[in-house]
Amino acid sequence: MEKKTIGSFLSAMRKANGMTQQEVADKLNVSNKTVSKWERDEGCPEIMMLPALAELYSVTVDEILRGERLVKESQEQKNAKSEERIKYLIEKATVKFTDCSIASAVLGAAALLLAYISGDIINYNYIWAGYVIVLLLLASSVTVSLIAFNNLVSSLKGSGDEVKKECDEAMKKAIKYLTAVTFLSFVTLAGLIVSIRYNDFMLIVFAVAVTAGAFFSLYVRSLIYKRYGIADDSLTPGQHEYRRKKIKTTAIILSLIAVVSVLLPFVFGWVETSSHSIFNFYDGVGYQYDTEEEAEREYCKLKDFVTGERAMYILISGDEYHIDENGKYVITVEQLGYSYTQKENSYTNTGNNLFSEQTLYFDSLEQVEEFIEESVIEDTHVAEQRSIIFDDETLSVSYQTENDNFLYGIMDIMPAFLITGAGIFFAVLVVSVIIYYVNKKKYV
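Residues numbered from 1 in each chain as written. Predicted model: local features only at pLDDT ≥ 70, side-chain atom pairs only at ≥ 80, totals over all residues. Heavy atoms only, no water.

1. Considerations on helix 2 (residues 21-28)
By the burial criterion, the buried members of helix 2 are Val 24, Ala 25 and Leu 28. Seen end-on, helix 2 carries its buried residues on one side only, within an arc spanning 100°. Here the buried face of helix 2 lies against helix 1 (6-16), helix 3 (32-39) and helix 4 (50-57). In the segment just after helix 2, Asn 29 is the residue with positive phi, at about 60°. (Buried < 20%, exposed > 50% of the residue type's maximum accessible area, 1.4 Å probe, protein only. Helix = DSSP H or I, 4+ residues; strand = E, 2+ residues; numbered from the N terminus. Arc of directions from axis to C-beta. Contact = heavy atoms within 4.5 Å.)

2. A few points about the nonpolar core
Residues Ala 111, Leu 112, Tyr 116, Val 134, Val 187 and Phe 425 are the most contacted members of the largest nonpolar core, which totals 24 residues. Mapped by element, the contributors of at least two residues to this core are helix 6 (75-117), helix 8 (128-156), helix 9 (164-195), helix 10 (202-227), helix 11 (237-274) and helix 14 (405-439). Counting residues per element, this core draws most heavily on helix 14, at six residues. Once you skip the residues sitting within four places of it in the chain, Ala 111 turns out to touch Val 134, Leu 137, Leu 138 and Thr 188. Ranked by size, the runner-up nonpolar core spans 22 residues in total, among them Tyr 289, Ala 295, Val 306 and Tyr 340. (Core = buried A, V, L, I, M, F, W, Y, C linked by side-chain atoms within 4.5 Å.)

3. Quick word on the side chain of Glu 39
Tracing the sequence through the fold places Glu 39 in helix 3. With a relative accessible area of 13%, Glu 39 lands in the buried category. Within the structure, the side chain of Glu 39 is placed 2.5 Å from the side chain of Arg 14, a separation counted as a polar contact. A distance of 2.8 Å separates polar atoms of two side chains, one belonging to Glu 39 and the other to Gln 21. In this structure, Glu 39 is in contact with Gly 7, Ser 8, Leu 10, Ser 11, Arg 14 and Gln 21, ignoring residues within four places of it in sequence. (Polar contact = N/O pair within 3.5 Å; in protein donor to acceptor, adjacent residues only side chain to side chain.)

4. Examining the pattern of salt bridges
Summed over all chains, the structure comprises eleven salt bridges. For Lys 301, the salt bridge goes to Glu 298, with nearest N and O atoms at 2.9 Å. Taken together, the residues span about one helical turn, with Lys 301 and Glu 298 both in helix 12 (residues 292-306) at a distance of three residues. With respect to class, Lys 301 is no different from Glu 298; both count as buried. A salt bridge links Asp 363 to Lys 328, with the nearest nitrogen and oxygen atoms 2.2 Å apart. With Asp 363 in the loop between strand 7 (354-362) and helix 13 (365-375) and Lys 328 in the loop between strand 3 (322-323) and strand 4 (329-336), this pair connects stretches of sequence that are 35 residues apart. Through salt bridges that share partners, Glu 241, Arg 244 and Lys 245 make up one connected network. (Salt bridge = Lys/Arg side-chain N within 4 Å of Asp/Glu carboxyl O.)

5. Here's the deal with the packing of helix 2 against helix 3
Running from N to C, helix 2 and helix 3 point in directions that differ by 110°, and their axes come no closer than 8 Å. Taken together, the axes of helix 2 and helix 3 lie roughly perpendicular to each other. Every pair of crossing elements has a handedness; the one defined by helix 2 and helix 3 is right-handed. Where helix 2 approaches helix 3, its residues Gln 21, Gln 22, Val 24, Ala 25 and Leu 28 are matched on the opposing element by Asn 32, Val 35, Ser 36, Trp 38 and Glu 39. A breakdown of the residues in the contact of helix 2 with helix 3 according to their chemical character gives five nonpolar, four polar and one charged. (Axes fitted to C-alpha atoms, helices over the stretch in contact; angles between N-to-C directions. Parallel < 35°, antiparallel > 145°, perpendicular 65-115°, else oblique. Left-handed = near helix turned anticlockwise from the far one by under 90°. Nonpolar A, V, L, I, M, F, W, Y, C, P; charged D, E, K, R; others polar.)

6. Quick notes on empty space enclosed by the protein
Space left empty within the atom packing is revealed by a probe, the size of a water molecule, rolled over the atoms. Throughout the structure, instances matching the rule amount to one cavity of 30 Å³ or more. In this structure, the largest cavity spans a volume of roughly 30 Å³. Forming the walls of the largest cavity are Leu 10, Val 24, Val 35, Trp 38, Glu 39, Leu 53 and Tyr 57. For the lining of the largest cavity, the residue count by class is six nonpolar, no polar and one charged. (1 Å grid on protein atoms, 1.4 Å probe; cavity = no way out; pocket = protein on both sides within 12 Å on 5 of 7 lines; lining within 4 Å. Points joined across faces, edges and corners; volume = space filled by probe spheres on them.)

7. A closer look at the pairing of strand 4
Burial within strand 4 is extensive, with eight of its eight residues counted as buried. The pairing of strand 2 (residues 313-315) with strand 4 spans three bridges and is classified as antiparallel. The partner of Tyr 313 across the bridge, within strand 4, is Gln 335. Here strand 3 pairs with strand 4 via two bridges, running antiparallel. Its bridge partner lying in strand 4, Ile 323 is registered against Tyr 329. In this structure, the hairpin formed by strand 3 and strand 4 is closed by a connection of five residues, where Gly 327 is found at a positive phi of approximately 80°. (Pairing = 2+ DSSP bridges.)

8. Section: the layout of surface pockets
Quantified by volume, the largest pocket comes out at close to 1300 Å³. Around the largest pocket, the lining is made up of 37 residues, and of these Ala 214, Leu 218, Arg 221, Tyr 436 and Tyr 437 lie nearest the centre. Going through the elements one at a time, helix 9, helix 10, helix 11 and helix 14 are the ones with two or more residues in the lining of the largest pocket. Among the elements that take part in the lining of the largest pocket, helix 10 stands out by supplying eleven residues, more than any other.

9. Digging into unusual backbone geometry
For Glu 344, which is not glycine, the phi torsion reads 55° and is therefore positive. Relative to the helices and strands, Glu 344 resides in the loop between strand 5 (339-343) and strand 6 (346-351). A positive phi angle, near 55°, is found at Leu 395, a position not held by glycine. Examined against the element boundaries, Leu 395 turns out to sit in the loop between strand 8 (387-391) and strand 9 (396-400).

Read these as layout, nothing more, since geometry by itself doesn't imply function.
And the structure:
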């Protein structure tokens, strides 16, 4: 391999510039012999002469001393290397954020499970440390996520327009994790707050919180997109329109389910208190009454009580009686305090109080049995109702429930309707989301 020397380099540069040794000597104010010695490596230019030679041949002093031209790195190559370096740093920052976000999501999921699954244990046993644990997990989840997001934003700041696409992609991925943490936090807080007092309605709360949390987290995501000037171009115009219609349709369906779940108990309660139920004494023969005569007697007994012609009692001691020291047969009863007023062909209940306990004394067992047969009623259900109509031909009684029982009746059936509605609500929401992601690709 040919050895590169200063002399051969100077000779090559002179020839490349189309100059003779004399012309070089004239420009540098030296003799042509001096220039010749330089090129034959019999001498070296003085240090003070090197800048002038470099300017004359359009090279650098370093290239003269090296005896060769250095290959200059183009600006494009420099930009490419710089861009690759920035991309590497972006990827490194994104991976670090992802690791922190996974940890944050795990903490949030743990808080969510504790808030809903163990809420009854925490509530009924007054283990307030459970609430503290849930809050600590939730706070840790949010804190880790926010710190990781802030670090990522700092890492991406000032990256330049040449890697804007990569920065936007990293930010979109980060915002997805942040949205998920927002959703988990919202649902967890809702469950935690409600479980303090109303732990029996956790399923309903979960369904409502999931829906509200989804909309809230999407709203937060849009704010973050706007705050950092990121264009949400992941969806085509057709997909945007499809999503808008899908959200509108789902919201209408879910609203209807929620309204129906709340209103149906009131409808059923109103129907129950507004419509008559019929009790036929003849139909009770064979399981409630031994004979038709007994059924008719019970019918008359009830009618006489309602019309005010006979007092009615219930046995507190059941069928039992005892004999005291005086040989008297003793039973304990309570007289029904209901009173009725007649309006047209019906009797309206105007009082629903029971008298105080009474002790009755009889001389013989026959008197006890006669009293029970004539004045004791076993089932007070019909006698407690609001409006009673008697039909002597069919031996039936139609009646309405008491007004005072309206709200109590609604409260009895409300949980069943709400739990059923919550299950349907959540199922519709899940199915709607699945359908959306399955069909989204069809719209371009």
